[in-house]
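# Fold and geometry: a report
For reference, the chains in residue letters:
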Amino acid sequence: MMYINATGFYVPTRRVSNEYFLDVNGLTSDWILQRTGINTRSRVREEENGNTMGLAAVQAAIQKLPYSVKEVDLIISTGYTPMDTVGTLAHITQREFQMEHATAMMISSACSSFISALEIAEGYFCSGKAKKALVVCSENNSYYCNETDPQCGHLWGDAAVAMFVSNEKMTDSDPEIVNVVTRGLGHIGKGPEAVYLRPKGEGIAMPDGRDVFVNATRYMIEALEIITQRNNITIQDLTYIVPHQANSRIISNILNILNLPEEKALNNIHEYGNTGSASAILVMLENLAKFKKNDLVGLTVFGGGYSSGGALIRF
């Protein structure tokens, strides 16, 4: 079992509207809104970057942490837009908050990265190698995106989230992470060629959005099926679904296939755009006030590459 001890997030205050892209990649505001559900996207300011966002999210979480941050023995930074692949956000966080007894690492499975990091933390807990972990995800998509690309240059937003988890409940109000599942899908469809970000390349590319749409729909539903079936409930029993914020049409398609009402899925893509592997966690954290005792929330994600993941959380 895993329990959520404290959470925090950071979203830059700057917004870039759809109108900006008409002169950049030729797409109209209405076209972008109809095809993606995005009206604005969050963007860092000149003095901000992936590391500053990540540290701000961790600092926000520490304010609610029921134990000393120095007790953390595992730090996992996650995402696909690191500022540095050597001196990672995990190591910068360790230094900033003096978590000297923690193992530190960075992992990535595209937009499934945060769920993958939770599963790694679960493994450390089960093996007895850790008891308290910090998962921090900062996606600085604007640093990597090519805005002139009409296929995906208009999608990306910036944001960071942080979550402290433990193998034992620290307070009576700690939500329980009941189940976590991930799956590598590099062998499916267009796989590694449908979305990619290559060193010394031209930014994030998505040459086959249709393939992403079809497989994201299928495997985000599958992740929900797995986490509910493992716990002898149905998807209909979930209080809310929190999907990866890639495209509002994917979310609508999932709801249509599952015959679920629109209000069952929580969203923020309209304002923030696609904030990568931070997106589903960010949606959940922004809606914490909605959740009541014993509510069941199903997170479901899909990453380019491909990969998928899901988590069942009981409040």
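To keep things clear, this report deals only with the structure shown in the data block. Computed from a predicted model, the values in this text were never measured in an experiment. (Residues numbered from 1 in each chain as written. Predicted model: local features only at pLDDT ≥ 70, side-chain atom pairs only at ≥ 80, totals over all residues. Heavy atoms only, no water.)

### Overview of the packing of helix H3 (residues 50-62) against helix H4 (residues 89-96)
The interhelical angle for the contact between H3 and H4, taken along N-to-C directions, is 50°, at an axis separation of 10 Å. Between H3 and H4, the angle is such that the two are oblique. Remark: the crossing between H3 and H4 carries right-handed chirality. Contacts between H3 and H4 involve Asn51, Gly54, Leu55 and Val58 from the former and Leu89, Ile92, Thr93 and Glu96 from the latter. Residues belonging to the contact of H3 with H4 are distributed by class as follows: four nonpolar, three polar and one charged. (Axes fitted to C-alpha atoms, helices over the stretch in contact; angles between N-to-C directions. Helix = DSSP H or I, 4+ residues; strand = E, 2+ residues; numbered from the N terminus. Parallel < 35°, antiparallel > 145°, perpendicular 65-115°, else oblique. Left-handed = near helix turned anticlockwise from the far one by under 90°. Contact = heavy atoms within 4.5 Å. Nonpolar A, V, L, I, M, F, W, Y, C, P; charged D, E, K, R; others polar.)

### Digging into the sheet that holds strand S4 (residues 74-78)
What the nine strands build is an open sheet, ordered S5-S4-S6-S7-S1-S8-S11-S10-S9; its pairing is mixed. Two strands in the sheet have a free side with no partner beyond their single neighbour: strand S5 (103-107) and strand S9 (240-243). Averaged over all adjacent pairs, the angle separating strand axes in this sheet is 20°, with direction ignored. The pairing of strand S10 (residues 296-303) with strand S11 (residues 307-314) spans eight bridges and is classified as antiparallel. Looking at the pairing, Gly303 lines up with Ser307 of S11. Where H3 meets the sheet, it contacts strand S1 (2-10), strand S6 (132-140) and strand S7 (158-166), and its direction lies at approximately 40° from that of S7. The strands that helix H7 (residues 209-229) touches are strand S8 (176-184), S9, S10 and S11; relative to S10, the one it contacts most, it runs at about 145°. (Pairing = 2+ DSSP bridges.)

### What to know about the packing of H7 against helix H8 (residues 248-258)
A pair of packed helices is characterised by two quantities: the angle between their axes and the separation of those axes. Contact geometry for H7 and H8: axes closest at 10 Å, N-to-C directions at 50°. Looking at the two axes, H7 sits oblique to H8. Crossing hand, H7 versus H8: right-handed. Taken together, the residues of H8 that come into contact with H7 (itself represented by Phe213, Ala216, Thr217, Met220, Ile221 and Leu224) are Arg249, Ile250, Asn253, Ile254, Ile257 and Leu258. Within the contact of H7 with H8, the residues separate by chemical class into nine nonpolar, two polar and one charged.

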